[in-house]
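So you can see what is in the structure, the chains are spelled out below.
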Amino acid sequence: MTEKDLLVFIPAHNEEENIEKVIQDIEQTCPMIDYIVIDDGSTDHTAQICRRKGIPCLSLPINLGLDGVFQTGNKYAYLHGYQACMPFDGDGQHNARYILPMLQKMQEGSYDIVIGSRFLTAKKDWSMRMVGSRLIGAAIRLTTGARITDPTSGMRLFDRRMIEEFALNLNYGPEPDTVSFLIKQGARVAEVPVTIDERLEGESYLKPLTAASYMTRMLLSILLIQNFRKR
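Residues numbered from 1 in each chain as written. Predicted model: local features only at pLDDT ≥ 70, side-chain atom pairs only at ≥ 80, totals over all residues. Heavy atoms only, no water.

J.: Is there a simple way to think about the overall build of the protein chain in this case?
T.: Each helix and strand counted, the protein chain has 8 helices and 7 strands in total. On C-alpha atoms alone, the protein chain measures out to a radius of gyration of 17 Å, which is about the 17 Å that the 2.2 N^0.38 rule sets for 231 residues. If you line up the protein chain on its principal axes, its C-alpha atoms span 50 × 40 × 35 Å. By the burial criterion, 49% of the 231 residues in the protein chain qualify as buried. Sequence-distant contacts, at least 24 apart, represent 79% of the contacts inside the protein chain between residues at least 6 apart. For the protein chain, the exposed area adds up to about 11500 Å²; of that, 53% sits on carbon and sulfur atoms. For the protein chain, the distance from the average position of its 26 positive side-chain charges to the average position of its 29 negative side-chain charges is 7 Å. (Helix = DSSP H or I, 4+ residues; strand = E, 2+ residues; numbered from the N terminus. Rg over C-alpha atoms; globule rule 2.2 N^0.38 Å. Buried < 20%, exposed > 50% of the residue type's maximum accessible area, 1.4 Å probe, protein only. Contact = heavy atoms within 4.5 Å. Areas by Shrake-Rupley, 256 points an atom, 1.4 Å probe, with all protein chains shown as cover. Lys, Arg positive; Asp, Glu negative; His and termini not counted. Charge placed at Lys NZ, Arg CZ, Asp CG, Glu CD.)

J.: Just checking my understanding: could you explain the pairing of strand E3 (residues 57-60) for this structure?
T.: Remember that side chains alternate between the two faces of the sheet whenever the strand is regular. Of the strand pairs in this sheet, strand E2 (residues 34-40) and E3 are connected by 4 bridges, and their pairing is parallel. In the strand pairing of E3, Asp-39 is matched with Ser-59. On the question of chirality, the crossover connecting E2 to the parallel E3 by way of helix H2 (residues 46-53) is right-handed. (Pairing = 2+ DSSP bridges. Right-handed = clockwise from strand over helix to strand, strands pointing away.)

J.: How do you make sense of the packing of helix H3 (residues 65-79) against helix H6 (residues 160-168) when you look at a structure like this?
T.: For any two helices packed against each other, one specifies the crossing angle of their axes together with the interaxial distance. The geometry of H3 relative to H6 is characterised by a closest axis approach of 8 Å and an angle of 120 degrees between their N-to-C directions. Here H6 runs oblique to H3, going by the angle between their axes. Here H3 and H6 pass one another in a crossing that is left-handed. When H3 is examined against H6, the residues Phe-70, Gln-71, Asn-74, Lys-75, Ala-77 and Tyr-78 are found in contact with a partner set consisting of Arg-160, Ile-163, Glu-164, Phe-166, Ala-167 and Leu-168. Of the residues that constitute the contact of H3 with H6, the class distribution is 7 nonpolar, 2 polar and 3 charged. (Axes fitted to C-alpha atoms, helices over the stretch in contact; angles between N-to-C directions. Parallel < 35°, antiparallel > 145°, perpendicular 65-115°, else oblique. Left-handed = near helix turned anticlockwise from the far one by under 90°. Nonpolar A, V, L, I, M, F, W, Y, C, P; charged D, E, K, R; others polar.)

This is the structure in structure tokens:
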């Protein structure tokens, strides 16, 4: 697998203030990698900026949310024959310097999923968000035996087998319960140390109440619902 076998897709909903900087980071750091912006029904100038700058962009007619964009990106990768793909945040939090080390890790160990972890070499604090991360990690370990230090990381690299699974089935989203479910089905997972930057501009959707609801939903899914889930 080479760099040209990898597709990076960038979910973008109203990221007009960030998208050019994100693309610049990818182009300067990984000039051989293919990428595409998936404009998730933005109401700002995200799509217009991409067209004006010649940035590859697929515009969805309405806002589908993370699950819809995740499946769109994987369908695109599947139909165009890519052997690996990675969602890459359009808000500037992800850093392109970790893309190639994650690809190298996948090649070295024939892993199905490689996660960029903030906590392989650093400790978590005891904020509410990190308590939730600890609980989700514990739930994954309890149900699968796998130790994932950063289960909520959005930096995840998937191989061709995972791309096909996501592209041809509707029962997946870009969440920790998906990773947990796939481990149960035999997927091999590794982690690579990364750092995640603060959002460049704009406001995150993950408010405290939203975060609490998200953590509760993930725990219920991993501990209970997945026992009844089918591929």
